[in-house]
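Chain and residue survey
Letter by letter, the chains look like this.
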Amino acid sequence: MQAGWAQALGMENIVIRAFEPSDRAWLVAQHGRLYAQDEGFDESFEALVDEILSAFVAQHDPSCEQGWIAQAGDERLGSIFCVRLSERRAKLRLFLLVPEARGQGLGGRLLRTCMTYAKHKGYSSMQLWTHESHKAACALYAKSGWSLVSSKPVHSFGVELVEQSWEIEL
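Now for a description of the structure that goes with this document. (Residues numbered from 1 in each chain as written. Predicted model: local features only at pLDDT ≥ 70, side-chain atom pairs only at ≥ 80, totals over all residues. Heavy atoms only, no water.)

Now for the sheet that holds strand S6 (residues 147–156). Strand order across the open sheet formed by seven strands is S1-S2-S3-S4-S5-S7-S6, with mixed pairing between neighbours. The open sheet has two edge strands with one neighbour each: strand S1 (15–18) and S6. Averaged over all pairs of adjacent strands, the angle between strand axes in this sheet comes to 25°, irrespective of strand direction. Of the pairings in the sheet, the one linking S1 to strand S2 (residues 66–72) comprises four bridges and is antiparallel in character. (Pairing = 2+ DSSP bridges. Helix = DSSP H or I, 4+ residues; strand = E, 2+ residues; numbered from the N terminus. Axes fitted to C-alpha atoms, helices over the stretch in contact; angles between N-to-C directions.)

Located in the positive-phi region is Leu94, a residue other than glycine, with phi close to 50°. With respect to the element layout, Leu94 can be found in strand S4 (residues 89–97). Its identity is not glycine, yet Phe157 carries a phi of approximately 55°, on the positive side. Here Phe157 lies in the loop between S6 and strand S7 (159–169).

Before going further, it helps to examine the environment of Glu51. Along the chain, Glu51 falls in helix H3 (residues 43–59). Note on Glu51: relative accessible area 55%, which makes it exposed. Taking the C-alpha atoms as reference, Glu51 lies 9.3 Å from Val28; in sequence the two are 23 residues apart. (Buried < 20%, exposed > 50% of the residue type's maximum accessible area, 1.4 Å probe, protein only.)

Let's shift gears to the pattern of salt bridges. Side-chain pairs of opposite charge can arise where the charged atoms are in close proximity. Across all of its chains, the model carries six salt bridges by this definition. Among the salt bridges present, the one from Asp23 reaches Arg17, with a minimum N-O distance of 2.7 Å. The salt bridge involving Arg89 is made with Glu167; its shortest N-O contact spans 2.7 Å. With Arg89 in strand S4 and Glu167 in strand S7, the pair connects residues that are 78 residues apart, well separated along the chain. (Salt bridge = Lys/Arg side-chain N within 4 Å of Asp/Glu carboxyl O.)

Now the structure itself:
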């Protein structure tokens, strides 16, 4: 995909559809590639994403868990997932946008899709885990009403990071 392609296409031509098992390989590869390129993560991160998606495909409960893919034509642009932690609490996972799709409001659309779904399914709160270095995502979480509840330095995926947990009441 060329830079600016998604922007030229326009947000109205981008659909948010349900995740399908055939999206798994693309999503694992994108996480591995982008996090290695942008953050210096080693292959253990891609392996973690593969493990998360394998478990989701094999055992998610479609009555209360969902994943979404943002797509324009044949091009996948991003993802977000809502998974159950308990009867009243959900977890946001695997939120990703390819660089060409960033800065156009698509992240906000994906986040609203996930949060609306969680509320509709009866969850009263959500949590997520991220890293401080994801400045744009963290700004979007704060703007959307999420609260940073913990932050700690860690060594993960071959690099020094500051791990964060965020929560929101729905």
